[in-house]
Every structure is written in structure tokens, then in C-alpha cells.
Amino acid sequence: MSYRELVFTVPAEIAEPLGDALLEVGALSVTVEDDAAGGYDENPLYGEPGLSPEVQAWDRSSVTALFNPEIDNSDAVNFIPELLASLKEAGFNLPAPEEKIVEEQDWVRLTQSQFSPIQIGERIWVVPSWHEKPTDPNAICLAVDPGLAFGTGSHPTTHLCLLWLEKNTQLQNKSLLDYGCGSGILAIAAAKLGCNPVVGTDIDPQAMVAARSNAEINHTVIRFVLPNENAVELATETKYHIVMANILANPLQVLAPALVNKMRAGGKIVLSGVLARQAEEVIATYSQWLTLAVWQESEGWVCLHGTLPTNGDTASLTGKNTDASVPAQKKTLKLILLSLFFILLIAFGEHLSRNSLLPTLATRVDGSSPAIATSAFSLLQKFDEQLCRALGCVNRSVSDFAAWKITSVTLSPENEREGFKNGLNQSTLQVEIQNRLALSVLFPNLEILITDAEEFEIKTIQFSPQEWLPSTWQESHPGFLKQGAPSGDIFRSELPISLPQNAAGYRVRIFYPEK
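Residues numbered from 1 in each chain as written. Predicted model: local features only at pLDDT ≥ 70, side-chain atom pairs only at ≥ 80, totals over all residues. Heavy atoms only, no water.

## As for the sheet that holds strand β17 (residues 445-451)
- Reading across the sheet, the 3 strands line up as β18-β17-β20 and stay open at both edges, with antiparallel pairing between neighbours. This sheet does not close on itself; its edge strands, each paired only once, are β18 (457-463) and β20 (505-511). The mean angle between the axes of side-by-side strands here comes to 20 degrees, regardless of whether they run parallel or antiparallel.
- Pairing of β17 with β18, which is carried by 6 bridges, proceeds in the antiparallel orientation. Counterpart to Leu-446 in the pairing with β18 is Phe-463. (Pairing = 2+ DSSP bridges. Helix = DSSP H or I, 4+ residues; strand = E, 2+ residues; numbered from the N terminus. Axes fitted to C-alpha atoms, helices over the stretch in contact; angles between N-to-C directions.)

Set out below in C-alpha cells:
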């Protein structure tokens, strides 16, 4: 038996409705592809859960319909003219399509022939169930068939994550979270390499079905949970030695607080699904918690990894790129400057120096400053208070970008079931920031940069302190614009914003407007 395949080349806006119309008139199947695929004008179309493109087609789309002559008489001479007439009645005025005959084949065997065993590194093999396993006794075989969920090891991003697991020899009894697990291939590899416990999560219920089945086939014990199950494995207090996420750059940035929150102090994070040109931006997003670096690159994709500092080695986060593990000479220099400050206070008077030197020498309240510097600055503040009582001082709050840390940020649609596609795209930005300086600091402005699927900025939203600070806090602190934010205080705010229809990601930054 042979099939008849008809290909229509149409503009993007009618590709989907044409496909529906072809199914209604008897097509067995319909596919929509980029008419310029593989050429100079190829136009990649990206989509993520809740952030799918508005039009599910390309500027020039090839709509291919498959017909079975045995049941629809599609081999008749007048079939195409009658089909075009039916489509015209439905509102589609189309030229004659290209056509070809597709001979019947053993489609299962043909599909299986496209998936051969894949060797990754020295030991890991991804082996479909219909192939024999390699004879190497040291081989670690992952039995994963193409199916309901993404992840067979063939894509460079998955390949890089598997390589990272193989190259890291200290995996025995280390807990691992596979975030966005898809088929579960990374979780399965981690379990076979000694990680325990291993947990996988994905927003797609079909991925959970595939992952659980693959884990059973591979004789591994892995817990796969949906984010909305309220499982203890995803509870706030549950932390992991290794957090691995192989998704895309935009969601990796949006999910940064959640992913870092699942790491133990001293734990490792592995991020893939990032194009080489996107690496610096992703690294910058995570810099407020840890230092990421490119571990390896493959075919234009990179794998990033980093370690969450322990309490005594916490890196400086937002703003100036200061490191808690600065060289000893810098710490010594700061102590010398503190000593000089005492001399300057006495020699030149409090009025000439305090408003500029105090902010320069101020330590941080988040534990990133050396204990000796913190103690010295505390004594300095007490001494400064005594001098001010005697001499009289003019206090001026400072504007210091590096004082602020964004501790949490979430953008949630009002109707979560509809994602970013609800009505007017009204959403709520939940943001939490802290003044980490041991002095009062002027409140900054907030800026939200909205990006599309290709990461181009499509909208900028700015909030002044009067707009983002909670009104109840403003009422209880009438002089907040001059007095600034008290040391160590954390501010939480919920801000309504309207998203463009093609919104696919966002970034939040702190800034002081130019005077």
C-alpha cells in the first residue's frame, strides 16, 4: 500500500488553521515545518512551558498532509481539485500543492534504525532496548528509548551533562536533583554512578511517566515528582549535594533563586541548555550567590558549573564584584585604613571626613566581611557616635549599589493555569531585597527587563522607591527618602505588571538614577 502526501506552502498565520481543516477533510496526519529549514533564511522557533510563541508556525510554513487512497480515494484524478474547492469554501484560497507518493514501510524498524547506541565519554553508553549492549565490562549502559519525553543523550546539552557526571569521581552517596528531568536519563546515569538519593522533577506529567518507566527498566531507585505535588523532596528545607538542570537559558535565569535554594553549602550546580553567546548573562545572573564557569563546550552549547560557598566563604553578590575570599593583603589594607580613619577623625575633625569615609569602610551584615573588620567597624561606629554627640554631625545617607542583594524574585501570572497567556497578561512581580551594608543606604530604583524567546529586550519597566516599597512601610517611615534603608533590613514587595504577548523571560536589576 502507498500513501499520497500533499505539501502546501503558506504564510504563518494560516498554517495552523489549514492543518485543522485538512484533518477535517480526511488527512491521516498533518505536520508544519519551516519552509526555509536548512537554508540561510531558516527561522528557529523556540517555546517553553507557559511561554510558547503566539503563532505556532514560521513566516513561510510547509503544511504536509498525508492521505490513504484505500479509505479516502485520494488517488482519484479529481481528488486535488475537489480538495482545493473544499478548502476554498472553508476560507483557504490555495494553489495546487506539491505531491509525492510515500510507499509503505516497516515504520517501527525504520524509526529504530535512526537510533543506534551512543557512547559518551569512556564508560557511559545510551543503548535503545532493541540493540545489544556493548561487551565492555566497565560500560555503564543507560537503556533509554525515544518516546514521551526529551532526552536520549544525542543532543550536545545532554551529552555535556553526562560527561560531567562521568568525569566527577566523587559521586558515591551524594544526593542529586535533576531539575527538568525529561526522560530521566541524567538521573538514571547519576544513580548508576553512585549518587544516592536521586530525585527528578519536571512540569510535564508525561515526562514523569516516561522517567519512571525508564528508571524501572534500568533497575534504578529514583524518586520522580511534579513541582505541584508538595513532595518533601522539593520542600524548602531539602538540600542536595548536586543540582543539575538541562533546560534553556531563559528559564535557568528565571529559576536561579529556586535552583540555588536547593543546594547545600559547598554543593555543586551544573547548568546546560545554554548557548555559548548566552553564557556570560547566565553567569551574571547567578553571581549574587556563587561563581559559575564554563566547564566544557560542544557544538555551540556550553555546560556551566559552580560551587555554593560555605558560610565562611560567601561571595559578594549584587553590584560590585567583591569576593569574600579576597587576598590577605586586601584585608590587611582595610584594617590599615580603619586605623588611619581614627587618626583622621582626631586630626581633621568629624565634620570633614565622616560622611565619605564611613561608607567606604563599612562592613557587611551578611557574614561576608572578616570578623575582625566587622568588630573594628562596630567600635568605629560607637566612637563616631560619641564624637557626634560632642561636636554635632550632619548625617547623609549614601547611595551604594553594592549594598543591595536581591534575595528572591518571582514573576507569577494572575491566572497560573493560563501561564503568560491570560487576558491582558497581568502578572505580579514578587521581589525581596536586603541592605547588607552596616549603614543606612538610600533606596534604589527597580528595573524589570522583559525579553522575547530570542532574548531581545521588548519592554522595560521601572519602579521608584515610592512605587515598589510597601505603602504601610512608607507610612511608618515618613522620612525614608532621606534617611534610607536601615542596615540589614529586608524589604518585600508585590508589584503588578502587564506583559507583552510575546514575553518569554525577564531580568531584574537595581540602579540609582543619574543626577
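After that view of the structure, there is still more to cover.
## Focus: the confidence of the model for the protein
- Looking at the protein, the pLDDT average stands at 79 and 77% of residues meet or exceed 70.
- Within the model, the stretch residues 314-327 combines pLDDT values under 50 with 35 contacts to residues more than four positions away or in other chains.
- When the criterion is pLDDT under 50, residues 415-423 qualifies, and its contacts beyond four places in sequence or with other chains add up to 19 contacts. (pLDDT = per-residue confidence, 0-100. Contact = heavy atoms within 4.5 Å.)

## Quick look at the sheet that holds strand β2 (residues 29-34)
- Taken together, the 4 strands give an open sheet; going across it, the order is β2-β3-β1-β4, and neighbouring strands pair in antiparallel fashion. Unpaired on one side and paired on the other, β2 and β4 (98-103) mark the two borders of the sheet. Across the sheet, the mean angle separating the axes of adjacent strands is 25 degrees when strand polarity is ignored.
- Sheet analysis places strand β1 (residues 2-11) next to strand β3 (residues 60-67), joined by 8 bridges and oriented antiparallel. Each residue of the ladder has a partner; that of Glu-5, found in β3, is Leu-66.
- Set on the sheet, helix α1 (residues 12-24) makes contact with β1, β2 and β3; between it and β1 the angle comes to about 150 degrees.
- Each of β1, β3 and β4 is contacted by helix α3 (residues 79-89), which is oriented at about 40 degrees to β1, the strand it contacts most.

## Quick notes on the pairing of strand β9 (residues 198-201)
- Burial along β9 is two-sided: the face carrying Val-198 and Gly-200 and the face carrying Val-199 and Thr-201 are both buried.
- As paired strands, strand β8 (residues 176-179) and β9 are joined by 4 bridges and run parallel to one another. Bridging from a neighbouring strand, Asp-178 pairs with Gly-200 of β9.
- In the classification by handedness, the crossover that spans β8, the intervening helix α6 (residues 185-192) and the parallel β9 is right-handed.
- Both β9 and strand β10 (residues 223-225) contribute to a ladder of 3 bridges, which runs parallel. Its bridge partner being in β10, Thr-201 is matched across the sheet by Val-225.
- Between the parallel pair β9 and β10, the chain is carried across by helix α7 (residues 205-217), and the sense of this crossover is right-handed. (Buried < 20%, exposed > 50% of the residue type's maximum accessible area, 1.4 Å probe, protein only. Right-handed = clockwise from strand over helix to strand, strands pointing away.)

## Structural notes on the packing of helix α5 (residues 156-167) against α6
- Running from N to C, α5 and α6 cross one another at 15 degrees; their axes reach a closest spacing of 10 Å. Taken together, the axes of α5 and α6 are roughly parallel relative to one another. Regarding α5 and α6, the two cross each other, and that crossing is right-handed. Of α6, the residues touching α5 (which contributes Thr-158, Cys-161, Leu-162 and Leu-165) are Ile-185, Leu-186, Ala-189 and Ala-190.
- The residue inventory of the contact of α5 with α6, partitioned by class, reads 7 nonpolar, 1 polar and no charged. (Parallel < 35°, antiparallel > 145°, perpendicular 65-115°, else oblique. Left-handed = near helix turned anticlockwise from the far one by under 90°. Nonpolar A, V, L, I, M, F, W, Y, C, P; charged D, E, K, R; others polar.)

## Some details on the pattern of salt bridges
- Taken as a whole, this structure holds 8 salt bridges when the rule is applied.
- Across the salt bridge formed by Glu-5 and Lys-100, the nearest N and O atoms sit 3.5 Å from each other. Taken together, the residues span a long stretch of sequence, with Glu-5 in strand β1 and Lys-100 in strand β4 at a distance of 95 residues.
- Note on Glu-5: relative accessible area 17%, which makes it buried.
- Across the salt bridge formed by Arg-492 and Glu-432, the nearest N and O atoms sit 2.6 Å from each other. Here Arg-492, found in strand β19 (residues 490-498), pairs with Glu-432, found in strand β16 (residues 426-435); they are 60 residues apart in sequence, far enough to count as distant.
- Sharing partners across several salt bridges, the network here consists of Glu-281, Glu-457 and Arg-507. (Salt bridge = Lys/Arg side-chain N within 4 Å of Asp/Glu carboxyl O.)

## Quick word on the packing of aromatic side chains
- Under the counting rule described, the total for this entry stands at 10 aromatic pairs.
- For the pair Trp-404 and Phe-491, a centre-to-centre distance of 6.3 Å together with 50 degrees between the ring planes defines the contact as tilted. With Trp-404 in strand β15 (residues 404-413) and Phe-491 in strand β19, this residue pair connects regions lying 87 residues apart in the sequence.
- The class for Trp-404 is buried, based on a relative accessible area of 0%.
- A relative accessible area of 4% means that Phe-491 is categorised as buried.
- Every member of this aromatic cluster is reached through a ring pair, and the members are Trp-404, Phe-443, Trp-468, Trp-473, Phe-480 and Phe-491. (Phe/Tyr/Trp six-rings, centres within 6.5 Å; stacked < 30°, edge-to-face > 60°.)

## A closer look at the environment of Leu-429
- Along the chain, the position of Leu-429 falls in strand β16.
- Since its relative accessible area comes to 0%, Leu-429 is described here as buried.
- Put simply, Leu-429 and Leu-495 are 66 residues apart on the chain and 5.0 Å apart in space, counted from C-alpha to C-alpha.
- Beyond its immediate sequence surroundings of up to four residues, Leu-429 is in contact with Val-409, Thr-410, Leu-411, Ile-448, Ser-493, Glu-494, Leu-495, Tyr-506 and Val-508.

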